[in-house]
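Breakdown of the fold
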Amino acid sequence: MNGIGFIGVGKVGTAFGVHLAEKGFPVAGAMDILPQESARFAEMVTGCNIYDTAQALADQMDFVFITTPDDVIGDVAANVTWKPGQTVVHCSGANSTAVLTPARDSGCHVGCIHPCNSFASVQQSLENLPGSTFTLEASEPVLRELKTIVEALNGKWMKLREQDKALYHAAVCIACNYFYTLVFHATDLWKHFDISQSDAVEACMPILKGTLNNIEHVGFPDCLTGPIARGDVSTIRKHIAALKEKEPRLVPLYKALGLETLPIGLAKGTLSEQKATELRALLSD
Ligand SMILES: NC(=O)c1ccc[n+]([C@@H]2O[C@H](COP(=O)([O-])OP(=O)(O)OC[C@H]3O[C@@H](n4cnc5c(N)ncnc54)[C@H](OP(=O)(O)O)[C@@H]3O)[C@@H](O)[C@H]2O)c1
């Protein structure tokens, strides 16, 4: 790689650019429709030039990251005149290399490198990127280059097929985005006993971290704790009654998740078939 450039230098572009430059990769160009973003990137990466257009950057770089929002990747790929032999990659989890078809048709090598992680701000992305798992959709020679990048970031890589990307990204969305949603609703409920959501979040941090710790170190299904794992029907009945009274719109979500928890309890072996049948009736009601 002689010159690596980034089109779109928000959270993910900045994290890749800064860490790769620190590891000695030739990060040499940045372009963003927000000039202040390009300027910030260039301040963080010594020797990096700012380009006003994607075309100007692509004319100078032999390895281009398109790290714009997902919806824009295809437009950028279609509107640049690429040079044969260039490498063009994006970091989207939901899109495959199909979105880079215009670059591929121009003789470029294309690939996807998706950091399986969550980046809520530039600072958080700088902290979270190293050590991530990266899913790669590419063939040689790009695959080899992407593996080198992952190694430099102390990450792990997994290879994905183009046709699996949508389901893969749905899985990541459930694990990450909808986890936020669950914690949001769980901590919002505390307002009914006069505890603010921020205090509830603070109070829940040990149980949230303990839960992740159990998933990592105990694993499924044995990590499951709580009333469903114990077959505690009366507790679940009390939960449903309380939710019906205070936050009825959460009852369908509570019941749906409860039903999906039954197989984990059964697999763990602490939930009996008889209790599971009682719970299934209660949660299906
Ligand atoms: N954030 C995450 O947690 C995460 C995790 C894994 C993968 N990814 C992937 O990483 C990629 C980048 O996401 P991100 O979170 O870094 O997004 P981001 O923080 O919004 O950064 C994207 C940057 O690209 C700019 N941009 C928009 N259109 C452009 C164009 N035509 N030319 C040049 N720059 C343009 C945006 O400006 P505006 O703000 O004005 O649009 C923004 O500054 C996406 O493919 C995303 O799916 C994100």
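Residues numbered from 1 in each chain as written. Predicted model: local features only at pLDDT ≥ 70, side-chain atom pairs only at ≥ 80, totals over all residues. Heavy atoms only, no water.

1. Structural notes on unusual backbone geometry
Stated formally: A run of H or I in DSSP becomes a helix once it reaches four residues, and a run of E becomes a strand once it reaches two; helices and strands are each numbered from the N terminus.
Note that the residue after glutamate 140, namely proline 141, is joined by a cis bond; omega there is 10 degrees. The residue proline 141 is located in the loop between strand 7 (133–138) and helix 7 (142–152) in this model. Note the cis peptide between phenylalanine 220 and proline 221, where omega equals 0 degrees. Not every positive phi belongs to a glycine, and asparagine 154 is a case in point at roughly 55 degrees. As for its position among the elements, asparagine 154 is in the loop between helix 7 and strand 8 (156–159). Notably, aspartate 194 is not glycine yet its phi reads approximately 65 degrees, a positive angle.

2. Focus on the environment of threonine 187
Quick note on the threshold: Under the scheme applied here, a residue whose accessible area is under 20% of the maximum for its type counts as buried, over 50% as exposed, and between as partly exposed, the area being computed with a 1.4 Å probe on protein chains only. Contact definition: two residues touch when any of their heavy atoms are within 4.5 Å. Identification of polar contacts relies on pairs of N or O atoms within 3.5 Å, with a donor-acceptor requirement for protein atoms, meaning one able to donate a hydrogen and the other able to accept it, and with residues adjacent in sequence counted only if both atoms are side-chain atoms.
Of note, threonine 187 is situated in helix 9 (residues 177–188). Take threonine 187: its relative accessible area is 2%, and that puts it in the buried class. In this structure the C-alpha to C-alpha distance between threonine 187 and serine 198, which are eleven residues apart in sequence, comes to 8.1 Å. Excluding anything up to four places from it in sequence, threonine 187 contacts Gln197, Ala200, Val201 and Cys204. Within the structure, the side chain of threonine 187 is placed 3.2 Å from the backbone oxygen of phenylalanine 184, a separation counted as a polar contact.

3. Regarding the sheet that holds strand 3 (residues 49–50)
Quick note on the threshold: We treat two strands as partners when DSSP finds at least two bridges between them. Axis definition: a line fit to C-alpha positions, over the contact stretch in the case of helices; interaxial angles, taken between N-to-C directions, run 0 to 180 degrees.
Strand order in the open sheet formed by eight strands is 3-2-1-4-5-6-7-8, with mixed pairing between adjacent strands. Strands with a single pairing partner mark the edges of an open sheet, and in this sheet they are strand 3 and strand 8. Of the pairings in the sheet, the one linking strand 1 (residues 4–7) to strand 2 (residues 27–31) comprises four bridges and is parallel in character. Bridge pairing links isoleucine 4 to valine 27 in strand 2. Strands in contact with helix 7 are strand 4 (63–66), strand 5 (87–90), strand 6 (109–115), strand 7 and strand 8; relative to strand 7, the strand with the most contacts, it is inclined by about 170 degrees.

4. Regarding the packing of aromatic side chains
In plain terms, the rule: In summary, the pairing rule links any two rings of Phe, Tyr or Trp, Trp by its six-membered ring, whose centres are within 6.5 Å, and it sorts them by plane angle into stacked for under 30 degrees, edge-to-face for over 60 and tilted for everything else.
Following the criterion strictly, the structure yields six aromatic pairs and no others. Ring centres of phenylalanine 6 and phenylalanine 41 lie 5.6 Å apart, and the angle between their planes is 45 degrees; this geometry places the pair in the tilted category. Here phenylalanine 6, found in strand 1, pairs with phenylalanine 41, found in helix 2 (residues 35–44); they are 35 residues apart in sequence, far enough to count as distant. Summarising the aromatic geometry, the rings of phenylalanine 63 and phenylalanine 65 are spaced 5.5 Å apart at their centres and angled 45 degrees between planes, so their arrangement reads as tilted. Phenylalanine 63 gets classed as buried once you look at its relative accessible area, which sits at 1%.

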